[in-house]
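# A structural walkthrough
Residue strings, one per chain:
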Amino acid sequence: MSNELKEMDSLFDRLFPIMRSITGEGVRETIRILQEYIPINMEGVATGTEVFDWEIPKEWVIREAWIKDEYGHEIINISDLNLHVVNYSEPVDLWLSLDELKQHIHTIPRKPEAVPYVISYYKERWGFCMSQNHLDSLPEGNYHVYIDSEKIDGELNYAHVVLPGKSKKEVLISTYICHPSMANNELSGPIVAAFLYNRLKNWTNRELTYRFVFVPETIGSITYLYKYGKHLKEHLYSGAVLTCLGGKEHQLSYKMSRNENSPLNQLIQFLNQREDYNMPVRPFTPLYGSDERQYCSPGFNLPVGQFSKMVYGKYAGYHNSLDTKEVMSIEALLDSVNEIERLLKLQELNGFYINLKPFGEPKLGKYDLYPDINAPAERGRSTNNKLDNRQQLNQILTLLNYSDGKHNLTDLSKTLNYKIEDYEVSIEALKEHQLLDGPFYEERELLK
Amino acid sequence: MSNELKEMDSLFDRLFPIMRSITGEGVRETIRILQEYIPINMEGVATGTEVFDWEIPKEWVIREAWIKDEYGHEIINISDLNLHVVNYSEPVDLWLSLDELKQHIHTIPRKPEAVPYVISYYKERWGFCMSQNHLDSLPEGNYHVYIDSEKIDGELNYAHVVLPGKSKKEVLISTYICHPSMANNELSGPIVAAFLYNRLKNWTNRELTYRFVFVPETIGSITYLYKYGKHLKEHLYSGAVLTCLGGKEHQLSYKMSRNENSPLNQLIQFLNQREDYNMPVRPFTPLYGSDERQYCSPGFNLPVGQFSKMVYGKYAGYHNSLDTKEVMSIEALLDSVNEIERLLKLQELNGFYINLKPFGEPKLGKYDLYPDINAPAERGRSTNNKLDNRQQLNQILTLLNYSDGKHNLTDLSKTLNYKIEDYEVSIEALKEHQLLDGPFYEERELLK
Amino acid sequence: MSNELKEMDSLFDRLFPIMRSITGEGVRETIRILQEYIPINMEGVATGTEVFDWEIPKEWVIREAWIKDEYGHEIINISDLNLHVVNYSEPVDLWLSLDELKQHIHTIPRKPEAVPYVISYYKERWGFCMSQNHLDSLPEGNYHVYIDSEKIDGELNYAHVVLPGKSKKEVLISTYICHPSMANNELSGPIVAAFLYNRLKNWTNRELTYRFVFVPETIGSITYLYKYGKHLKEHLYSGAVLTCLGGKEHQLSYKMSRNENSPLNQLIQFLNQREDYNMPVRPFTPLYGSDERQYCSPGFNLPVGQFSKMVYGKYAGYHNSLDTKEVMSIEALLDSVNEIERLLKLQELNGFYINLKPFGEPKLGKYDLYPDINAPAERGRSTNNKLDNRQQLNQILTLLNYSDGKHNLTDLSKTLNYKIEDYEVSIEALKEHQLLDGPFYEERELLK
């Protein structure tokens, strides 16, 4: 097991048991643990604040929740599994018959061994969750239900950090921290985000600026947009929400952003079409998904897609107690880090370039980038003493001809069929001789 | 027989016998009868007026026209069939041999029982029309030809009416009133237009403004453009010429306007591609057709297509005496009214909408448009007490996400495959809560 | 043999023996001979002048070059074949062993009978070229190598002429004059250019202006761009480089310009798609080719493609002594002149036109362009006394409808399937009656 894998595993174990909700101590504790790994700043917005069409709710404080039978035997207790109480339940202390109790119990009849995850943030009610098997086993009799919870004025918390690059254009990586004990559907995102941050931090030459954001889902991203939406509208180049990134057998897939000009949309489609990359691509939809639905709301329409491996709603453990570390697998998270890092690297390379000597071909021989004799023996070589073959000269001529600030590397790869990353050496050679400038992340005009 | 059908039938019988031409009493009488059904205003432009490259001709007055044999027996008389005289014939009163007579007789040799419809508006000549069979039966001898006609200073008449809607953008419905006794090729258009007007008049919520125009073909529409072209250029949203709308066995078809951005072009193509509508679509051509050729001339390029059922030139009765009520069928006219009304209704619905809370998703729960609990039993439902299923929530989320003033319902239907009319209920629900505004008939910006 | 063919043949024989290089007396002598055929002006740029990233080199003066064996017998001598010396060789006068000599001999081992053409413009070296067979036959012994050459301050020469047309928009025809004795790869271009000039000079109605340019390849076109690039950027409508236009069995082919809006690109693609023209089209590439690579460099991006028949690099004689008049064939050059002239003629016809009476259809009857009666017998005719059939009326109606300054003839041919040249008669008829204006070579607005 690599060090990275060990650290991911240990982070998982620390975060899993925490009773998280969209507000409260669980979110703050999660952020504090993450701060040991990456330098995120926590911020908060007070209960009652209006954020667009929403209002920050009270914090939910949950101290105790259990059901006991008439003999005082514990049936369920959130100290065993924090899914057992309906998230945001009101306090209760009552004796009920089995029939009355059942009115407040949630199960998944078609998955009788699973305890569902149930929330009721905005409507006052109380309830418990257990497996159907467990419920079926309960005998007639009286039951004591007890929830010691409270809703108090507090705040909604989120955390973020900006990793600066040469360009002020930003790439958003956003994930959520609001579900209690779930592996794939909760912890895969923050763990991948944290370790991805540490990879990008070590890049020697970071062209773009990266913004990592950890928010409670939906109301958290809406609140983040309320605070930073204007800045994002101005600076965002591309981005992705990270969710459900586990699943050893599953391929990483990409949900496109609503904004079709998103560089990540275009890059991934290019890789699929030209480089046999075969990443499953899902169309944008506002119907299902995660916070990309908020980032892509029409008032913002940010170029934010979504990465997912074991996609929400498509596996047995979705929103229930079967969503465990074993099902998810830490190795799968590492795979996700690797693949997303590679795509972000390609995205940086895939900018617009400017030929600094655009009038006719530059005299490449001066820079030792062209053969100094045209004879049959040398034909097909790039230079007669430095570069190894005609391939690089082809790349150089293609780069010079199309580096007019209007073609990025994917455009260029349509005329000369190399992979994007194959151009890196030739780009460096041209930049070394002040023949090329870039990458840039918007179209440019050539110098006059 | 429905009341509407009876009224159409009776209107037909009143209009059929009238001796119409591009000018004169026939046009005015036709308009006066139509005025009993719809509130059109008649206007006139005086003989000699220059309208673009044309000049308003003199009115043709025709009082009598017949051929008799040397025994005084009548061979033909326009009192029997007003096609018997060449339209716009000069007066004549002559005795001719059969051979001389034949120089002035028009027939259709390959349809020996039909009397052709012949016109010579702009060149002075006289002539008669009869069936080939009839002509072949005439014995040698002398014949008396008599036409009592006159060309006098007068005017060219047309009529129109505007049915206002919430938007000042207009839909043009144009048809012609200049042929003598023909059913499909003359009366189908005005009758459908008149009854369509009465349908639209009764719409409770008319979004667009409708302009109904009755003109003599070609020179009439050119004259109308001369008077109202500037207004149309400014206000016209879409439109269609109505012609040849009879034919029980024939499908209604649409000839596209030259202007490819015409909303009707796009709507009908969309319905064909997405909703299996299967309306035959004919490309625009300036070579054949009716007044859409004038509305689509390059100086105007108005978004005006053409509806037709039994298309001109494609049936035995085209421009001859076989074009009768029986061949056309009044029921077919009613079908045309129904189908065109439906398309106009869909066109109104298919506007651009504006999400009035575009920053993040609105908190739909506040409006009772979202389930107030997220639990397995409720998944797949829109709300837990009002709307019946997830389908409407899907429509609502799609409407909100794409209602940015740049996507109309056909665009939106490309992402969520409902029929245009299926969105009507969800649109109403969102408008009721001030979450949506529209339809609008040009692209809009979101509110800031 | 036609006169034209005889003249081409004689021009070839005069130009072939000249020792050309990128500078010097050979280029000037070539230009002086061409001046007897066409009125080109010679210009020069002095040695040492910086042109963009390049510098004008010294002139290479070559007086004598040979190898003799130790008995004084001549092995090779440039007086027999001017390819025998490496172009731009330094002077030398040495006795060498066979092994030492071989270090300076270039051959083509896989074509043992061919003498290669070798250049070393920018690196000081000396060398000889001979066939592999010849080299293999040399016995051991000492050899006397002698090159009497010099590099002197002088100039780089080129020549050009402008043939004015009604429009100031220009078509560039560019070819090169810098290779010594090669037929297809050197002389085919200048000979075709010269005779094409004389064809265009005789056109009675020249719409566009034509610029014929004769330059040394690469550095010559870069120098020309240095002097005239700004003018070309402003005035150039389209153009082509002429190279390798011989080869009886080969089809003329077209290499597209980088600039996709080039009228020649669009015309040739249209002809291929619509008129079964079947001209092979090669995509633009900066990797191989001739001076179009310079004209299409991103700082200029001129709409300049390239015509070629027996394409460079694709035949046995490429850059060696097998490139002879017999292989090339003078008849093939005449074919190239014919085909390029036809394309240039079509390019002129294929402009934008303006309907001068765009509001409704003009009253074509006034101009005798429409039948003056609408009767069964006349249907399908254009007019009843002048034009021969409905075909011309169709063309006229199509021209009038689409001549809005936004559709050229290729656009129009998409709606009515005639060949571009078939419209010529109808265009003339409409222009005669002041109904049409054009062709124009950029989009226009209709008159108001």
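What counts and how
- Residues numbered from 1 in each chain as written.
- Chains lettered and ligands numbered in written order.
- Predicted model: local features only at pLDDT ≥ 70, side-chain atom pairs only at ≥ 80, totals over all residues.
- Heavy atoms only, no water.
- Helix = DSSP H or I, 4+ residues; strand = E, 2+ residues; numbered from the N terminus.
- Contact = heavy atoms within 4.5 Å.
- Areas by Shrake-Rupley, 256 points an atom, 1.4 Å probe, with all protein chains shown as cover.
- Least-squares fit on C-alpha atoms with pLDDT ≥ 70 in both.
- Salt bridge = Lys/Arg side-chain N within 4 Å of Asp/Glu carboxyl O.
- Buried < 20%, exposed > 50% of the residue type's maximum accessible area, 1.4 Å probe, protein only.
- Expected span 1.5 Å × (residues − 1).
- UniProt positions renumbered as here; feature names shortened; annotations may be inferred.
- Phe/Tyr/Trp six-rings, centres within 6.5 Å; stacked < 30°, edge-to-face > 60°.
- Axes fitted to C-alpha atoms, helices over the stretch in contact; angles between N-to-C directions.
- Parallel < 35°, antiparallel > 145°, perpendicular 65-115°, else oblique.
- Left-handed = near helix turned anticlockwise from the far one by under 90°.
- Nonpolar A, V, L, I, M, F, W, Y, C, P; charged D, E, K, R; others polar.
- Domains from an automatic or database assignment.
- Buried area = accessible area lost by both parts, 1.4 Å probe.
- Polar contact = N/O pair within 3.5 Å; in protein donor to acceptor, adjacent residues only side chain to side chain.
- Pairing = 2+ DSSP bridges.

Per an unreviewed UniProt entry, the recorded name for chain A is Aminopeptidase, and the organism is Ureibacillus sinduriensis BLB-1 = JCM 15800.

Attention now moves to the overall build of chain A. When helices and strands are counted, chain A shows 13 helices and 19 strands. Overall, chain A is about 100 × 40 × 35 Å in size when its C-alpha atoms are taken along their principal axes. Long-range pairs, those at least 24 residues apart, make up 79% of the contacts in chain A between residues at least 6 apart in sequence. Surface accessibility of chain A: about 17,400 Å² in total, with carbon and sulfur atoms responsible for 46%.

What follows concerns the relation of the copies chain C and chain B. Expressed as a screw operation, the relation of chain C to chain B combines 0.1 Å of axial shift with a rotation of 120°, fitting to an RMSD of 0.1 Å. When the rotation and shift are considered jointly, the pair of chain copies conforms to a three-fold rotation axis.

This part takes up the pattern of salt bridges. Residue and element names in this part refer to chain A. Overall, the coordinates contain 72 salt bridges over all chains when judged by the stated rule. A salt bridge links Glu-59 to Arg-28, with the nearest nitrogen and oxygen atoms 2.8 Å apart. Of this pair, Glu-59 sits in strand β4 (residues 59-69) while Arg-28 sits in helix α2 (residues 25-34), placing them 31 residues apart in sequence. Arg-211 is the salt-bridge partner of Glu-170, the closest N and O atoms lying 2.7 Å from each other. Placement of the pair is Glu-170 in strand β11 (residues 170-176) and Arg-211 in strand β12 (residues 209-215), with a sequence separation of 41 residues. One exposure class covers both Glu-170 and Arg-211, and it is buried. Bridged by salt links that share partners, the residues Glu-25, Arg-28, Arg-32 and Glu-59 form one connected network.

Right, let's get into helix α10 (residues 330-349) of chain B. Here α10(B) contains 20 residues, and its C-alpha end-to-end distance of 29 Å stays within 8% of the 28 Å for a straight helix at 1.5 Å per residue. Among the 20 residues that make up α10(B), 14 are buried, leaving the element largely enclosed by the rest of the structure.

What follows covers the UniProt feature "domain: DUF2172" (unreviewed entry) in chain A. With numbering aligned to this structure, UniProt lists the feature "domain: DUF2172" (unreviewed entry) at residues 59-150 of chain A. As a span, residues 59-150 of chain A carries 12% helix and 37% strand, and end to end its C-alpha atoms are 8 Å apart.

This paragraph deals with the packing of aromatic side chains. All names here are of chain A. By the definition in use, this model includes 60 aromatic pairs over all chains. Pairing Tyr-37 with Phe-195 gives two aromatic rings, centres 6.1 Å apart and planes at 50°, and the pair type is tilted. With Tyr-37 in the loop between α2 and β1 (41-46) and Phe-195 in helix α5 (residues 183-201), this pair connects stretches of sequence that are 158 residues apart. You can call Phe-195 buried: its relative accessible area is 3%.

Moving on: the environment of Asn87(A). Residues and elements named next belong to chain A. Positionally, Asn-87 belongs in the loop between β5 (74-77) and β6 (92-97). Taking the relative accessible area as the measure of exposure, Asn-87 reaches 1% and is therefore buried. Note: C-alpha distance between Asn-87 and Val-51 (36 residues apart in sequence) is 22 Å. Aside from chain neighbours lying at most four places away, what touches Asn-87 is Arg-20, Ser-21, Trp-60, Tyr-117, Val-118, Ile-119, Ser-120, Tyr-121 and Pro-180.

Next up on the list: the packing of helix α1 (residues 3-15) of chain A against α5(A). Residues and elements named next belong to chain A. Remark: α1 packs on α5, axes separated minimally by 10 Å, with the N-to-C direction vectors making an angle of 135°. In terms of axis orientation, α1 runs oblique to α5. Viewed along their axes, α1 and α5 form a crossing whose handedness is right-handed. Of the residues in α5, those in contact with Glu-4, Glu-7, Met-8, Leu-11, Phe-12 and Leu-15 of α1 are Ala-183, Leu-187, Ile-191, Phe-195 and Arg-199. Residues belonging to the contact of α1 with α5 are distributed by class as follows: 8 nonpolar, no polar and 3 charged.

Residue and element names in this part refer to chain A. Assigned domains within chain A: domain 1 (3-57 + 166-349), domain 2 (59-152) and domain 3 (352-440). Each of domain 1 and domain 3 was reduced to a C-alpha centroid, and the two centroids are 37 Å apart. Taken residue by residue, the interface counts 10 residues in domain 1 and 13 residues in domain 3. Summed over both partners, the interface of domain 1 with domain 3 buries about 1,100 Å², with 58% contributed by carbon and sulfur atoms. Two residues, Arg-342 and Glu-421, come together in a salt bridge whose shortest N-O distance is 3.5 Å. At the surface where domain 1 touches domain 3, the tally comes to 1 residue pair in polar contact (both at pLDDT 80 or more). Listing elements by their share of the side of domain 1 that touches domain 3, those giving two or more residues are α7 (263-274) and α10 (330-349). Considering only residue class, the side of domain 1 that touches domain 3 consists of 5 nonpolar, no polar and 5 charged.

Next up on the list: the sheet that holds strand β17 (residues 352-355) of chain B. By way of backbone hydrogen bonds, the strands of a sheet pair with one another, either parallel or antiparallel. All names here are of chain B. An order of β18-β17-β19 is seen for the 3 strands of this open sheet, with the pairing classed as antiparallel. Where the open sheet ends on each side, the last strands, each with one partner, are β18 (404-408) and β19 (436-440). Here the average twist between neighbouring strands, direction ignored, is 25°. Direction of pairing for β17 relative to β19: antiparallel, over a ladder of 3 bridges. Paired with Phe-352 across the strands is Phe-440, a residue of β19.

The next point concerns the pairing of strand β9 (residues 142-152) of chain B. Residue and element names in this part refer to chain B. Pairing of strand β4 (residues 59-69) with β9, which is carried by 10 bridges, proceeds in the antiparallel orientation. Bridge pairing in β9 links Trp-60 to Lys-151. Across 6 bridges, the pairing between strand β6 (residues 92-97) and β9 is antiparallel. Residue pairing for β9: Leu-94 is matched across the bridge by Val-145.

Contact residues are listed per partner, giving 28 residues for chain C and 29 residues for chain B. A per-residue breakdown of the area chain C buries against chain B is headed by Phe359(C), Glu361(C) and Lys363(C), which together make up 26% of the total. Our count for the chain C to chain B interface comes out at 4 salt bridges. A salt bridge links Arg258(B) to Asp404(C), with the shortest nitrogen-to-oxygen separation between them at 2.8 Å. Applying the counting rule to chain C against chain B returns 13 residue pairs in polar contact (both at pLDDT 80 or more). Only α11 (390-402) and β18 (404-408) of chain C provide two or more residues apiece to the side of chain C that touches chain B. Per element, the largest residue contribution to the side of chain C that touches chain B is 7 residues, and it comes from α11(C). Broken down by class, the residue content of the side of chain C that touches chain B amounts to 12 nonpolar, 8 polar and 8 charged.

To continue, consider the interface of chain A and chain B. With 29 residues of chain A in contact, the opposing surface of chain B contributes 28 residues. It is Asp53(A), Leu287(A) and Pro298(A) in chain A that bury the most area against chain B; as a group they hold 27% of the surface buried on that side. Between Asp53(A) and Lys366(B) there is a salt bridge, with its nearest N and O atoms 2.9 Å apart. For the pair chain A and chain B, the number of links is 13 residue pairs in polar contact (both at pLDDT 80 or more). Per-class residue counts for the side of chain A that touches chain B are 17 nonpolar, 7 polar and 5 charged.

With an omega of 0°, the peptide bond between Gly438(A) and Pro439(A) qualifies as cis. Non-glycine residue Tyr88(B) carries a positive phi angle of around 75°. Within the fold, Tyr88(B) resides in the loop between β5 (74-77) and β6. Located in the positive-phi region is Thr218(C), a residue other than glycine, with phi close to 60°. When you line up the elements, Thr218(C) lands in the loop between β12 (209-215) and α6 (219-235).

Residues and elements named next belong to chain C. Two elements in contact, helix α1 (residues 3-15) and helix α10 (residues 330-349), have axes whose closest approach is 10 Å; the angle formed by their N-to-C orientations is 120°. As summarised for this structure, α1 and α10 are arranged oblique, according to the angle between their axes. For the crossing formed where α1 meets α10, the hand is right-handed. Across from Glu-4, Leu-5, Met-8, Asp-9 and Phe-12 in α1, the residues of α10 making contact are Ile-330, Glu-331, Leu-333, Leu-334 and Val-337. Taken together, the residues of the contact of α1 with α10 break down into 7 nonpolar, no polar and 3 charged.

Within the element layout of this structure, Asp53(B) appears in the loop between β2 (50-51) and β3 (54-55). Given a relative accessible area of 6%, Asp53(B) falls into the buried group. In this structure the side chain of Asp53(B) is engaged in a polar contact, spanning 2.9 Å, whose partner is the side chain of Tyr367(C). Discounting residues that sit within four places of it in the chain, Asp53(B) has contacts with Lys357(C), Pro362(C), Lys363(C), Lys366(C) and Tyr367(C).

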